[in-house]
Amino acid sequence: MNQTVEAIRQFVQDNFLFGQEITFSDEESFLEQGLIDSTGVLELIAFLGERFSIAVTDEELVPENLDSISNLVRFVESKLGSSLGLPVVDGMTDPLRGYAADEAAPS
């Protein structure tokens, strides 16, 4: 599990499940599962700003970006990659190496 996934999952666990060990997949919708409500989305956005130093615009407040662990990871990594000018491959950027973590180094 990468650090972004771990950080987001831990935030959801601590702030919305209050430490309960509820199992949910990275693809499950927060809203459909009742894990996060509209106020929770605001808390989530504040967390993204604090933890990853990214801003979420009004246009980005859509389920495709914020409604699951997987969606959040893709969104955060694409925001981080675009802010650093790094390539984003399948939503995955390695900011230290400048290419996708699961791809071979460029020659």
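Residues numbered from 1 in each chain as written. Predicted model: local features only at pLDDT ≥ 70, side-chain atom pairs only at ≥ 80, totals over all residues. Heavy atoms only, no water.

## Digging into the environment of Arg-9
Part 1 of the reasoning: With respect to the element layout, Arg-9 can be found in helix H1 (residues 3–15).
Part 2 of the reasoning: What makes Arg-9 buried here is its relative accessible area of 18%.
Part 3 of the reasoning: For Arg-9 and Phe-24, which are 15 residues apart along the polypeptide, the C-alpha to C-alpha distance reads 9.9 Å.
Part 4 of the reasoning: Not counting the four nearest positions on each side in its chain, Arg-9 is found in contact with Phe-24, Ser-25, Asp-26 and Ile-69.
Part 5 of the reasoning: One polar contact links the side chain of Arg-9 to the main-chain carbonyl oxygen of Phe-24, over a distance of 3.0 Å. (Helix = DSSP H or I, 4+ residues; strand = E, 2+ residues; numbered from the N terminus. Buried < 20%, exposed > 50% of the residue type's maximum accessible area, 1.4 Å probe, protein only. Contact = heavy atoms within 4.5 Å. Polar contact = N/O pair within 3.5 Å; in protein donor to acceptor, adjacent residues only side chain to side chain.)

## A closer look at unusual backbone geometry
One can expect most non-glycine residues to show negative phi and most peptide bonds to be in trans.
Part 1 of the reasoning: The backbone of Ser-53 sits at a positive phi, close to 55°, despite the residue not being glycine.
Part 2 of the reasoning: Secondary-structure assignment places Ser-53 in the loop between helix H2 (38–52) and helix H3 (63–66).

## Re H2
Part 1 of the reasoning: Across its 15 residues, H2 extends 21 Å between first and last C-alpha, which sits within 8% of the 21 Å expected from 1.5 Å per residue.
Part 2 of the reasoning: Near the N-terminus of H2, the side chain that reaches the backbone nitrogen of Thr-39, with its oxygen 3.2 Å away, is that of Asp-37. (Expected span 1.5 Å × (residues − 1).)

## Remarks on the confidence of the model for the protein
Part 1 of the reasoning: Per-residue confidence for the protein gives a mean pLDDT of 81, with 75% of residues at or over 70.
Part 2 of the reasoning: In the model, residues 85–103 has pLDDT below 50 throughout and makes 30 contacts with residues more than four positions away in sequence or in other chains. (pLDDT = per-residue confidence, 0-100.)

## As for the packing of aromatic side chains
Part 1 of the reasoning: Tallied over the entire structure, the rule returns 3 aromatic pairs.
Part 2 of the reasoning: Taking 5.6 Å as the distance between ring centres and 80° as the angle between the ring planes, the aromatic pair formed by Phe-11 and Phe-16 counts as edge-to-face. Both residues of the pair, Phe-11 and Phe-16, belong to the buried class.
Part 3 of the reasoning: Between Phe-47 and Phe-52, the aromatic rings sit 5.9 Å apart at their centres with planes inclined by 85°, giving edge-to-face as the arrangement. Take Phe-47 and Phe-52: they sit in the same class, and that class is buried. (Phe/Tyr/Trp six-rings, centres within 6.5 Å; stacked < 30°, edge-to-face > 60°.)

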